[in-house]
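Here's the letter readout for the chains.
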Amino acid sequence: MTAYILNLVVLISIYAILSTTLNFIIGYAGIFSLAHAVFFGIGAYTSAFVAMNLTPSFFVAIPIAMVLAALTSLALALPALRVRGEYFVAASLGLQMLAVTLFSEWKGFTGGIGGVIGIPPVEIFGFALVKPWHFLILTLVCLALVIAIIQRLVHTSFGRSLKSIRDSESAALAAGKNITVIKTLSVVLSSSLTALAGGLYAFYMAFINVESFMLATSVLVMAMVIIGGTGTILGPIVGAALLMLLPGALSYLSFLPQTEIGSIQQIIYGSAMVLLMIYRPGGIVSPKTRGEAA
Amino acid sequence: MNMQNTAYDTTAAQPVTEQETLLKVRNLQMDFGGLKAIQDVSMDLRAGIVTTLVGPNGAGKTTLFNMITGHLKPTAGEVEWLGDSLLGKPPWKIARQGIARTFQDLRLFTHMTVEENILTVMEQGGWLWQSGGMSAKTARQERVASILERTGLKDKARVRAIDLAYAERKFLCMARIMATDSRLWLLDEPASGLDPNSYGLFLELLRSEVANGITVCIIEHNLDIVVNISDRIAFLDQGRLLADGLPDEILNNPELAAIYFGER
Amino acid sequence: MLLLQLILNGLQVGAIYALTAAGFSLIFGSTKIFHFAHGATFTIAAYLFHYALTNLGLHWTLGVAMAAGGAVLFGILLDRFMYAPIQRHEGSFFTVFVASFGIGIVVENVIGMVFGRSFISVSTSLSRSVELLPDLYVSPLVGLAVLTSLVCFVAVHMFLMHTHAGMALRALSENTELVKTFGLSPRRLSAYAFALGSVLVVPAAIFTASSSGLNPAVGHHVMLISLAATIVGGIGSIRGAAFAGLLIGMVENVALWQVGTQWSEALTFAVLFFFIIFRPSGFFGRAAVS
């Protein structure tokens, strides 16, 4: 039982990093990415590759993964963010689909459909983290770090610029803000932190394949952010916990067809997204009501 | 009909001596599909002069602003700021050269506090942080406090823009433009819908800013503004500049009055 | 001969993409609603057709009628009960997109639960290919798909150019203020746009179901094509979206000469990205800056 809970907490924490980093661009910059799982995947595959071919050291594998994710996101964001918001949605959807093909085809790096097996345990200063609770501490520390970084960013001039762009792009432009640079920077920061979650995931699972980095994952993380509440610190974490606990909770309901739990879960969060947008666009954790007539 | 290039009256509200031309608009044209929103408009905005753009709805006043600030690319024509062309420059570059504007539909940063709305306008440069360190930060905060004081928003500093009353939102627009440090302000109906009391405060604020050397161009329907604060009136109708001159001349022109009042 | 074969296939796929993309572009252009659930409309139409023919054994004309009825009903209901309330209180890109996305997830999974998640295809007498020339297999569907989409485009064109509601729709995409002069409420027009945009995916869905087949997750692919074609064609231009859809279908198929089928989405992405970088306003687009 403790093993089950431990596992769940680690996974919730990893997904909480994903939702927190996605919230940074959705909730504060107003950028909609359907490619979050791509950067998660780049982080995971790169860390696995470095761990198996170079060193399983946390401080080598993770930074390399973060840089790679940052560069990929830069290549996507810089052109796509010059133009209207819809372009980024389209480009990120395209990237997500392209990435799934790449992850399944590029056997040398990703192991193809079969994935990468036997990823060694991560080492911190030569100390291998083998026990699950070691890993739990590492994950929680990383989550806390990510939250702290984003919390800090949000309260600087950079964070204010992001929020101003989210609230009115044309007014931000008229105030002299180079919105392309600011938005691109936010996507690059978010993507590199996402790669951290990918690295943790690869080391924790010791096995990864393309299944974890498909559009469904991007959608799931987006649902976590939206259901929890965009533009808040707590919201995405609550969202991550809720949606990760949902399958377990559903399996207790014996009248549901157990083979369809996945579909039922998606129907629940899909409907939740629709209803929230109609009745409470700020999400579960939102500062008062958001979006009265402007 | 065309009354361009009328000599400016030097007995206007404030002493105007040598008036440098800040902004020069030449033969500007804007087509939306088949619709000619602006046709062959030329005008100058000179330092220290308050120009009011009047004309019926749909005359192209806001379109003209949008072309000056780079929010729209003109189909043809030229816009010059202090002798340099602004065409093809993105809005944020134009803004940093000293041209600020407000929007008819306000476009406040709705989910940020009043204080943040003002502060973020001052933080246009820099990537992840602002240059100048602590002393610059303190200076910014002091400026925010003074702007809050002057716009009567001191008690609302920590309220989100979306939770403000209508008049307060209008003053927040003014507060934001004050924070820009610009030489030229383009105000799009800044006083519309204000109650008499707020209107008085607004007029006082605008007068003191003009006295401080800000050049203003206002789109306004309110005749009181047209009469009381303008040095010059430009009359637009159906995308054409019908007249450009002293308030008296425009207001006493029966043809223009017919177009203006007939439409409304 | 292979190349000719691929070009013919490209023509068929391109015609299908053109219809789908034109529907999305019509809705987005006139109502400004980012209708991400357009992919769901496609899925619903295809599965209704499949259900009518395979499960109920109905005549294909009834199948088409069911698919069309379902698609239009879905479009109008969404407009009325989802987009309208959202737009009444905020209607930002965020809320519309998320709700639309959410309904897409629901539809995909409900269909997956009812019909299963595997590929389905409807085989009709027209699906069988005949050897037209040595080594050149052509199914009558190719001609039919191209013909149908031409007919649809002519019909849409006539509607937009010559009917009162059509002209009002065009005006709506130019300027909301203008619409008032037509004496039609924006809400009514929005319903027209959704009905018309949704019905356009029906032939595309039916041809896809009868040729390559589809699964419940096809909606995302449909959206990628629609979004890419809308951007490549130029936002607000239905004609542009149609041409771009044709282009993408062609590129995907002709490229099979050199690369495997799994790369087709990558190619769509490449075309899209090329336009985003070099011509963000698209074929026929006006300034793309917001």
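Keep in mind it's a predicted model, so treat the numbers as computed, not measured. (Residues numbered from 1 in each chain as written. Chains lettered and ligands numbered in written order. Predicted model: local features only at pLDDT ≥ 70, side-chain atom pairs only at ≥ 80, totals over all residues.)

*Asks:* Describe the overall build of chain C, and please don't skip the residues or the numbers.
*Replies:* Broken down by element type, chain C carries 11 helices and 2 strands. Reading the helices (α) and strands (β) of chain C from amino to carboxyl end gives α-α-α-α-β-β-α-α-α-α-α-α-α. Here chain C has a C-alpha radius of gyration of 19 Å; the compact-globule value for 290 residues is 19 Å, and the two agree. When its C-alpha atoms are laid out on the principal axes, chain C stretches across 60 × 45 × 35 Å. Put simply, chain C has 290 residues, and 53% of those count as buried. Sequence separation of at least 24 residues holds for 75% of the intrachain contacts in chain C that already meet a minimum separation of 6. (Helix = DSSP H or I, 4+ residues; strand = E, 2+ residues; numbered from the N terminus. Rg over C-alpha atoms; globule rule 2.2 N^0.38 Å. Buried ≥ 20, exposed ≤ 12 C-beta atoms within 10 Å, placed from the backbone. Contact = placed C-beta atoms within 7 Å.)

*Asks:* A description of the overall build of chain A should follow, citing residues and the corresponding values.
*Replies:* Secondary structure assignment for chain A yields 12 helices and 4 strands. In terms of C-alpha radius of gyration, chain A reaches 19 Å, essentially the compact-globule figure of 19 Å for 294 residues. Here chain A holds 294 residues, and the buried ones make up 58% of them. For chain A, restricting intrachain contacts to residue pairs at least 6 apart in sequence, the fraction spanning at least 24 positions comes to 75%.

*Asks:* Could you give an account of the UniProt feature "transmembrane region" (unreviewed entry) in chain C, with specific residues and numbers?
*Replies:* Residue and element names in this part refer to chain C. Summarizing the sequence annotation, UniProt attributes the feature "transmembrane region" (unreviewed entry) to residues 6–28, 59–81, 93–116, 136–160, 189–211, 217–235 and 266–289 in the numbering used throughout. Taken end to end, residues 59–81 comprises 96% helix and 0% strand; its first and last C-alpha atoms sit 33 Å apart. When the span residues 189–211 is considered, its composition is 96% helix and 0% strand, and the gap between its end C-alpha atoms is 34 Å. (UniProt positions renumbered as here; feature names shortened; annotations may be inferred.)

*Asks:* Quick rundown of helix α11 (residues 264–278) of chain C? Include the residues and the values.
*Replies:* Over its 15 residues, α11 of chain C runs 21 Å from end to end, which matches the ideal 21 Å to within 8%, given 1.5 Å per residue. Buried within α11 of chain C are the following residues: Ser264, Glu265, Ala266, Thr268, Phe269, Leu272, Phe273, Phe275 and Ile276 of chain C. (Expected span 1.5 Å × (residues − 1).)

*Asks:* Just give me the short version of the sheet that holds strand β3 (residues 50–54) of chain B, but keep the residues and values in it.
*Replies:* Residue and element names in this part refer to chain B. Here 6 strands make up an open sheet; going across it, the order is β6-β7-β8-β3-β9-β10 and the pairing mixed. Whereas interior strands pair on both sides, the edge strands pair on one side only; in this sheet they are β6 (99–101) and β10 (240–245). Neighbour-to-neighbour, the strand axes of the sheet open up by a mean angle of 15 degrees, direction not taken into account. Looking at chain direction, strand β7 (residues 184–188) and strand β8 (residues 215–219) are connected through 5 bridges and run parallel. Residue aspartate 188 lies in a different strand from β8, and its bridge partner there is isoleucine 219. (Pairing = 2+ DSSP bridges. Axes fitted to C-alpha atoms, helices over the stretch in contact; angles between N-to-C directions.)

*Asks:* Pulling in residues and values, what's your account of the sheet that holds strand β5 (residues 84–85) of chain B?
*Replies:* Residue and element names in this part refer to chain B. Taken in spatial order, the 4 strands make up an open sheet running β2-β1-β4-β5, and their pairing is antiparallel. Whereas interior strands pair on both sides, the edge strands pair on one side only; in this sheet they are β2 (35–46) and β5. Across 8 bridges, the pairing between strand β1 (residues 21–32) and β2 is antiparallel. Pairing of leucine 23 across the sheet is with leucine 45, part of β2.

*Asks:* Lay out the confidence of the model for chain A with the relevant residues and their values.
*Replies:* All names here are of chain A. With 96% of its residues at a pLDDT of 70 or more, chain A shows a mean pLDDT of 90. Least confident of the elements in chain A is strand β3 (residues 127–128), whose mean pLDDT is 86; most confident is helix α2 (residues 36–53), at 96. Across residues 288–294, confidence stays below pLDDT 50; counting only partners more than four residues off in sequence or on other chains, it has 11 contacts. (pLDDT = per-residue confidence, 0-100.)

*Asks:* With reference to specific residues and values, describe the interface of chain A and chain C.
*Replies:* Listed as interface residues are 37 residues of chain A and, on the opposing side, 41 residues of chain C. Listing elements by their share of the side of chain A that touches chain C, those giving two or more residues are α3 (58–80), α4 (85–105), α10 (215–228) and α12 (261–279) of chain A. Here the side of chain A that touches chain C takes 13 residues from α4 of chain A, the largest share from any one element. Split by residue class, the side of chain A that touches chain C holds 22 nonpolar, 9 polar and 6 charged. (Nonpolar A, V, L, I, M, F, W, Y, C, P; charged D, E, K, R; others polar.)

*Asks:* Go over helix α9 (residues 179–205) of chain A, please, and point to the residues and values.
*Replies:* Residues and elements named next belong to chain A. The first and last C-alpha atoms of α9 sit 39 Å apart over 27 residues, in line with the 39 Å expected at 1.5 Å per residue. Within α9, 24 of the 27 residues are buried, leaving the element largely enclosed by the surrounding structure. A positive phi of about 65 degrees marks alanine 206, the residue just after α9.

*Asks:* So what about the UniProt feature "transmembrane region" (unreviewed entry) in chain A? Which residues, and what values?
*Replies:* All names here are of chain A. The positions UniProt marks with the feature "transmembrane region" (unreviewed entry) are residues 6–26, 33–52, 58–80, 87–104, 133–154, 187–207, 213–230 and 261–279. Helix makes up 100% of residues 6–26 and strand 0%, and the two end C-alpha atoms of the span are 30 Å apart. Across residues 87–104, helical content stands at 100% and strand content at 0%; the span's end C-alpha atoms are separated by 26 Å.

*Asks:* Describe the confidence of the model for chain C, with residues and values.
*Replies:* Residue and element names in this part refer to chain C. Averaged over every residue, the pLDDT of chain C is 86; residues scoring 70 or more account for 91%. Least confident of the elements in chain C is helix α7 (residues 176–179), whose mean pLDDT is 62; most confident is helix α2 (residues 38–55), at 94. Here the complex is predicted with pTM 0.88, and the ipTM for its interfaces comes to 0.87.

*Asks:* Can you break down the environment of phenylalanine 34 of chain C residue by residue, with the values?
*Replies:* Positionally, phenylalanine 34 of chain C belongs in the loop between α1 (2–31) and α2. Looking at phenylalanine 34 of chain C, the number of C-beta atoms within 10 Å reads 22, which means it is buried. Distance in space between the C-alpha atoms of phenylalanine 34 of chain C and valine 96 of chain C is 6.7 Å, their sequence separation being 62 residues. Sequence-distant contacts of phenylalanine 34 of chain C, defined by excluding residues within four places in its chain, comprise Glu86 of chain A together with Phe28, Phe93, Val96, Phe97 and Ser100 of chain C.

*Asks:* I'd love a proper account of the packing of α4 of chain A against α11 of chain C, names of residues and values included.
*Replies:* Interaxial distance between α4 of chain A and α11 of chain C falls to 9 Å at its minimum, and their mutual angle equals 145 degrees. α4 of chain A and α11 of chain C meet at a crossing whose hand is left-handed. Residues Tyr87, Ala90, Ala91, Gly94, Leu95, Met97, Leu98 and Thr101 of chain A of α4 of chain A pack against Glu265, Ala266, Thr268, Phe269, Leu272, Phe273 and Ile276 of chain C of α11 of chain C. Of the residues assigned to the contact of α4 of chain A with α11 of chain C, the class counts are 11 nonpolar, 3 polar and 1 charged. (Left-handed = near helix turned anticlockwise from the far one by under 90°.)

*Asks:* So what's going on with the environment of arginine 169 of chain B? Residues and values would help.
*Replies:* Residues and elements named next belong to chain B. Mapped onto the secondary structure, arginine 169 falls in helix α5 (residues 166–178). Linking arginine 169 and arginine 46, residues 123 residues apart in sequence, is a C-alpha distance of 29 Å. The contact partners of arginine 169, leaving out residues within four places of it in the chain, are Leu106, Leu108, Ala161 and Leu164.

*Asks:* Lay out unusual backbone geometry in plain terms, naming residues and giving numbers.
*Replies:* Among all residues except glycine, the phi angle is most often negative; among peptide bonds, the trans geometry is most common. One non-glycine residue with positive phi stands out, namely asparagine 27 of chain B, at about 45 degrees. Of note, asparagine 27 of chain B is situated in strand β1.

*Asks:* Lay out the nonpolar core in plain terms, naming residues and giving numbers.
*Replies:* As a rule of thumb, nonpolar side chains are buried together in soluble globular proteins. Judged by nonpolar contacts, the single largest core of 277 residues is most densely connected at Met273 of chain A together with Ala45, Phe49 and Ala205 of chain C. Per element, the largest residue contribution to this core is 15 residues, and it comes from α9 of chain A. Counting only domains with at least three residues in this core, you end up with domain 1 (18–98 + 182–264) and domain 2 (108–181) of chain B. If near-sequence neighbours (up to four positions away) are discounted, phenylalanine 49 of chain C is found in contact with Gly63, Val64, Met66, Ala67, Val122, Ala205, Ile206 and Ala209 of chain C. (Core = buried A, V, L, I, M, F, W, Y, C linked by C-beta atoms within 7 Å. Domains from an automatic or database assignment.)

*Asks:* Tell me about the environment of arginine 187 of chain C, residues and numbers included.
*Replies:* All names here are of chain C. Turning to its location among the elements, arginine 187 is positioned in helix α8 (residues 186–210). Its 12 C-beta neighbours within 10 Å are what place arginine 187 among the exposed residues. Between the C-alpha atom of arginine 187 and that of arginine 80, which follows or precedes it by 107 residues, the distance is 8.5 Å.

*Asks:* Any details on the pairing of β7 of chain B? Residues and values, ideally.
*Replies:* Residues and elements named next belong to chain B. Summarising burial for β7: 4 of the 5 residues are buried, a large majority. Where β6 and β7 come together, 3 bridges link them in parallel fashion. Directly across from alanine 100, in β7, lies its bridge partner tryptophan 185. Handedness of the crossover joining β7 and β8 through helix α6 (residues 196–211) is recorded here as right-handed. (Right-handed = clockwise from strand over helix to strand, strands pointing away.)

*Asks:* Explain the packing of α2 of chain C against helix α9 (residues 218–233) of chain C residue by residue, including any values.
*Replies:* Residues and elements named next belong to chain C. Relative to each other, α2 and α9 sit at 130 degrees, their axes nearing to 8 Å. By the angle between their axes, α2 is oblique relative to α9. For the element pair α2 and α9, the recorded crossing hand is right-handed. Two secondary-structure elements touch here, α2 through His38, Gly39, Ala40, Phe42 and Thr43 and α9 through Val218, Gly219, His220, Val222, Met223 and Ser226. Split by residue class, the contact of α2 with α9 holds 5 nonpolar, 6 polar and no charged. (Parallel < 35°, antiparallel > 145°, perpendicular 65-115°, else oblique.)

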